[in-house]
Amino acid sequence: MEAPHHQAPANVLKITVNSPELMGELGRRLAKLLRPGDLVMLNGELGAGKTTLTRGLGEGLGVRGAVTSPTFVIARVHPPLGAGPALVHVDAYRLGGGLDEMEDLDLDVSLPESVIVVEWGEGKVEELTDDRLHVVIHRAVGDTTDEVREVTLTGLGERWAGADLASLAA
């Protein structure tokens, strides 16, 4: 009798980020851990810092083009300036059908060879892969003018089981 198949335990890191500059820095650090085919799901309310994090990621990956929120285009491709992967930045907020719709976007890029960052992807892109990194950004409780954010990174699947997320907290 085979052992029941179960998901590898999640690899979780919680860190406090005190400024937009540090959020960008977190993105640059995260870029070092990413490889082609990785899916990063980014959640957090408006203004939480999702685009700031993704901008840092783009800088860390060395891709072309300023990373801005892709709200009106749904997805934007930032080709690599060097040998690294392209960054595909997706805003799934208005994607109703999830994956099929993603494929219909005809992104002119091979997803397995790219790093894909999806904002608002919950419930829409999970079927892409069992291996994904969930990043949730929460404002610190209370004071809305405060720049402090709690960031929880959860690596799911074998790809992330051994990843050194702790290196991000440096």
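Asks: How should helix α1 (residues 20-33) be read in this particular structure?
Replies: Residues separated by three or four positions in an α-helix point in the same direction, a consequence of the helix having 3.6 residues per turn. Between its terminal C-alpha atoms α1 stretches 20 Å, which fits the 20 Å expected from 14 residues at 1.5 Å a residue. By the burial criterion, the buried members of α1 are Met-23, Gly-24, Leu-26, Gly-27, Leu-30, Ala-31 and Leu-33. Along the long axis of α1, the arc covered by the buried residues comes to 155 degrees, so they all point the same way. Opposite the packed face of α1, turned more than 90 degrees from it, sit the exposed residues Glu-21 and Lys-32. Here the buried face of α1 lies against β1 (11-17), α2 (50-61), β6 (132-139), β7 (149-156) and α4 (158-161).

Asks: Would you mind showing me how to read the confidence of the model for the protein chain here?
Replies: In low-pLDDT regions, the fine details of the predicted coordinates are not to be read closely. Averaged over all residues, the pLDDT of the protein chain is 83; the fraction at 70 or higher stands at 82%. Confidence, expressed as mean pLDDT per element, reaches its minimum in the protein chain at helix α3 (residues 99-104) with 63 and its maximum at α1 with 95.

Asks: Any chance you could explain the pattern of salt bridges here in plain terms?
Replies: Oppositely charged side chains can pair when the atoms bearing their charge come close. Taken as a whole, this structure holds five salt bridges when the rule is applied. Here Glu-59 makes a salt bridge to Arg-28, at a shortest N to O gap of 2.6 Å. With Glu-59 in helix α2 and Arg-28 in helix α1, the pair connects residues that are 31 residues apart, well separated along the chain. The class of Glu-59 is partly exposed, set by a relative accessible area of 47%. Look at Arg-28 and you get partly exposed, because its relative accessible area is 27%. Between Arg-159 and Asp-38 there is a salt bridge, and its shortest N-O distance comes to 2.7 Å. With Arg-159 in helix α4 and Asp-38 in the loop between α1 and β2 (39-44), this residue pair connects regions lying 121 residues apart in the sequence. Neither Arg-159 nor Asp-38 differs from the other in exposure class; each is buried.

Definitions and limits used
Residues numbered from 1 in each chain as written. Predicted model: local features only at pLDDT ≥ 70, side-chain atom pairs only at ≥ 80, totals over all residues. Heavy atoms only, no water. Helix = DSSP H or I, 4+ residues; strand = E, 2+ residues; numbered from the N terminus. Expected span 1.5 Å × (residues − 1). Buried < 20%, exposed > 50% of the residue type's maximum accessible area, 1.4 Å probe, protein only. Arc of directions from axis to C-beta. Contact = heavy atoms within 4.5 Å. pLDDT = per-residue confidence, 0-100. Salt bridge = Lys/Arg side-chain N within 4 Å of Asp/Glu carboxyl O.

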